[in-house]
Amino acid sequence: MSIAAFQEIRWTGTGQIRIGEYIIYYKGMKDKHHFGTGIALHREYESRVAKFNPISERVSSIRIKMAPIDLFIKNIHAPMENSEEDVKESIYDELARIYDNIPGNTVKIIIGDANSKIGKEAYFVPTIGLESAHDLSNDNGGRLISFAVSRNMIISNATFPHKRIHELTWNAPVGLTKNQINHLLIYRRFRSSITDVRSYRGADCDSDHLLVIAKCQVKLQRMRIQGTQMPKFDIEQLKCDVGRKKYTEEIKKELNTNMPNDGRQWETIRNTIIKAAKKTKEGERPGKATLGQTHQKQKNSLNKNADYGKVRNFFARIRKYKKYNPTLKAVKSVDRRLLMEPDKKIGMWMKYFKELLNGEVPGNPVPRWEEQRPEPEVCEINLNETKMAINSLKNWKALGTDGIPTELLKYGGDELHKNILELCLTIWKEEKLPEDWNKAIIIPLHKKGDKLECNSRNCPTKYSI
């Protein structure tokens, strides 16, 4: 459990206390062991606490830093159903005042003992759902529903279907009365972040209330990092004669005029391929008047690919037109703290790869042989071997650091293949690779275990060409 909210802790004063792996922030009455609220956080989140606000013995709040959207939790202990109207009004007025001062760009959650029975009234279904343990709302329930409606919130624990024993949250000390009076409210925009809410009867904490646990998966927006993006090319155009001819002519024209002899052969070849491919795919973007026709063409293309069994094209179209659903991206540090900032995540991955790839030199290296056999004479690379090697490359492979698909090398024509041969011969004689060929893209793919830990991933590496 990462975060817990307590009501009626009956501690005096205001402060914080550490118990085991948790730190508890609390607010109680000055001189009476009565009422009191508290919020406990696991030590992983201690450094992320932006502010704890001890408002009163019935209301407290905490703000937790979550890049880029903060999490704001308000812990409440509402008056009982038979309390005076003035007491109820004062609590909800205070609740509204605090809620209205919360910044807009935060995940807002209200949790605690609301002493409210929520019913199944049809006109409140968008707010309360259909899974409440009660049929009719009491006075406190009506107040809570009105507050939720006015602030565009959802009462989450009344929206998940469970057995009745898992819906009830309070057992009367004497008698058989059982109610659902502990609730969780969340801002409607983030309602999908709550995946389940139910009570657990096994927790023995000397209370007439049952433990209510909510599973929360906050979906944070993707943090965009400024950097170099890979160019995108329309490879399908190279399969037709017109597009392939135009591409080879552009390659030949550029190489005949710009080919240097000062050791920058690969840089010129790479820039020439990218420039020629961009010229080949130039075209007009659809305007607003043609967007409807474009969407219809997209549907027709999907149906056509599905009917003719073109599985690759079908899923490529699906990926192109589907909407992106942002998810939480983070890694764990060595001391198991959650890292969200881009700089800290990069630093953690750098440390992991340094330890993984830079092994220690063995104490007894393999000795050199005093007598070695003479190496057989190897002929220089010729043009036919170069073409065979290029044509044997597989299509639809992930791009390397150069950003060039293998199809652009295959359809480049004789002029491009001759220049690649000259580059290979230069490398053969000088025994030195171009600088770009010493760079690689490491792709961490989850293997097993915790996805947030670096050592739970395989790391295939993608080089140029």
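Treat the numbers as computed from the prediction; the structure is a model and nothing was measured.

## Quick look at the overall build of the chain
Inference 1: Helix and strand content of the chain: eleven helices and 20 strands.
Inference 2: With 465 residues in all, the chain has 37% of them scored as buried.
Inference 3: Long-range contacts, defined as pairs at least 24 residues apart, comprise 59% of the intrachain contacts of the chain with a sequence gap of at least 6.
Inference 4: With the model as given, the accessible surface of the chain reaches about 29900 Å², and the carbon-plus-sulfur share is 51%.

## Let's talk about the pattern of salt bridges
Inference 1: Counted under the stated rule, the structure contains 13 salt bridges.
Inference 2: We note a salt bridge from Arg-63 to Asp-70, for which the minimum N-O separation is 3.1 Å.
Inference 3: The salt bridge involving Glu-85 is made with Arg-143; its shortest N-O contact spans 2.2 Å. You can see Glu-85 sitting in helix α1 (residues 85-100) and its partner Arg-143 sitting in helix α3 (residues 139-150), a full 58 residues away along the chain.
Inference 4: In this structure, a network of salt bridges that share partners links the residues Glu-85, Lys-88, Glu-89, Asp-139 and Arg-143.

## Digging into the sheet that holds strand β3 (residues 22-27)
Inference 1: Across the sheet, which stays open at both edges, the four strands sit in the order β1-β4-β3-β2 with antiparallel pairing between neighbours. Two strands in the sheet have a free side with no partner beyond their single neighbour: β1 (3-7) and β2 (14-19). Each adjacent strand pair in this sheet contributes to an overall mean axis angle of 20°, direction not counted.
Inference 2: As paired strands, β3 and strand β4 (residues 37-42) are joined by six bridges and run antiparallel to one another. Bridge pairing in β4 links Tyr-26 to Gly-38.

## Details of a nonpolar patch on the surface
Inference 1: Taken together, the side chains of Trp-11, Ile-17 and Ile-19 make up a nonpolar region of the molecular surface, amounting to roughly 250 Å² of accessible area.
Inference 2: Along the chain, Ile-19 turns up in strand β2.

## Notes on the environment of Ser-56
Inference 1: Topologically, Ser-56 is positioned in the loop between β5 (49-53) and β6 (59-64).
Inference 2: For the pair Ser-56 and Ile-76, spaced 20 residues apart in sequence, the C-alpha to C-alpha distance is 9.6 Å.
Inference 3: Apart from the residues within four sequence positions on either side, Ser-56 is in contact with Lys-27, Thr-37 and Glu-94.

## Quick word on the environment of Ala-172
Inference 1: Within the fold, Ala-172 resides in the loop between β10 (170-171) and β11 (178-179).
Inference 2: Taking the C-alpha atoms as reference points, Ala-172 and His-209, 37 residues apart in sequence, are found 8.7 Å from one another.

## Things to note about the side chain of Ser-61
Inference 1: Looking at the secondary structure, you find Ser-61 in strand β6.
Inference 2: A relative accessible area of 3% means that Ser-61 is categorised as buried.
Inference 3: Non-local contacts of Ser-61, meaning those with residues more than four positions away in its chain, are made with Ile-39, Lys-51, Phe-52, Asn-53, Ile-55, Phe-72, Ile-73 and Lys-74.

## Quick notes on the sheet that holds β6
Inference 1: The strand order across the open sheet formed by six strands is β5-β6-β7-β8-β12-β9, and the pairing between neighbours is mixed. Taken across any chain shown, the strands that pair with only one partner, and hence form the sheet edges, are β5 and β9 (153-155). Sheet twist, expressed as the average angle between the axes of neighbouring strands with direction ignored, equals 15°.
Inference 2: As paired elements, β5 and β6 share four bridges and run antiparallel to each other. For Val-49, the partnering residue across the bridge sits in β6 and is Ile-64.

## Quick word on the pairing of β6
Inference 1: Where burial is concerned, most of β6 is hidden: five out of the six residues are buried.
Inference 2: Between β5 and β6, which pair antiparallel in sequence order, lie five residues.

## Here we look at the packing of aromatic side chains
Inference 1: Taken as a whole and judged by the stated rule, the model has eight aromatic pairs.
Inference 2: Taking 5.4 Å as the distance between ring centres and 35° as the angle between the ring planes, the aromatic pair formed by Tyr-25 and Phe-52 counts as tilted. Of this pair, Tyr-25 sits in strand β3 while Phe-52 sits in strand β5; the two residues are 27 residues apart in sequence, bridging distant segments of the chain. When sorted by exposure, Tyr-25 lands in the same class as Phe-52, which is buried.
Inference 3: Measuring from ring centre to ring centre gives 5.6 Å for Trp-266 and Trp-437, while their planes differ by 70°; the resulting arrangement is edge-to-face. Placement of Trp-266 in helix α5 (residues 265-280) and of Trp-437 in the loop between α11 (413-430) and β17 (440-442) is noted, with a sequence separation of 171 residues between them.
Inference 4: Through a chain of ring-to-ring contacts, three or more aromatic side chains come together here, namely Trp-349, Tyr-352 and Phe-353.

## Considerations on unusual backbone geometry
Inference 1: Of note in the backbone geometry, Asn-115 takes a positive phi value of approximately 50° without being a glycine.
Inference 2: A residue is classified by how much of its surface remains accessible, and Asn-115, at 13% relative accessible area, is buried.
Inference 3: The phi angle at Glu-431 is positive, at roughly 55°, despite the residue not being glycine.
Inference 4: Within the secondary structure, Glu-431 is located in the loop between α11 and β17.

## Structural notes on the pairing of strand β7 (residues 70-77)
Inference 1: Among the eight residues that make up β7, eight are buried, leaving the element largely enclosed by the rest of the structure.
Inference 2: Sheet topology note: the β7/strand β8 (residues 106-113) ladder contains eight bridges and is parallel. Within the sheet, the bridge partner assigned to His-77 lies in β8 and is Asp-113.
Inference 3: Once you follow β7 into α1 and on to β8, the crossover reads as right-handed.

Basis of the calculations
- Residues numbered from 1 in each chain as written.
- Predicted model: local features only at pLDDT ≥ 70, side-chain atom pairs only at ≥ 80, totals over all residues.
- Heavy atoms only, no water.
- Helix = DSSP H or I, 4+ residues; strand = E, 2+ residues; numbered from the N terminus.
- Buried < 20%, exposed > 50% of the residue type's maximum accessible area, 1.4 Å probe, protein only.
- Contact = heavy atoms within 4.5 Å.
- Areas by Shrake-Rupley, 256 points an atom, 1.4 Å probe, with all protein chains shown as cover.
- Salt bridge = Lys/Arg side-chain N within 4 Å of Asp/Glu carboxyl O.
- Pairing = 2+ DSSP bridges.
- Axes fitted to C-alpha atoms, helices over the stretch in contact; angles between N-to-C directions.
- Patch = residues over 30% accessible without salt bridge, like charges linked within 9 Å, V, L, I, M, F, W, Y side chains within 5 Å.
- Phe/Tyr/Trp six-rings, centres within 6.5 Å; stacked < 30°, edge-to-face > 60°.
- Right-handed = clockwise from strand over helix to strand, strands pointing away.

Keep in mind these numbers describe shape, not what the thing actually does.
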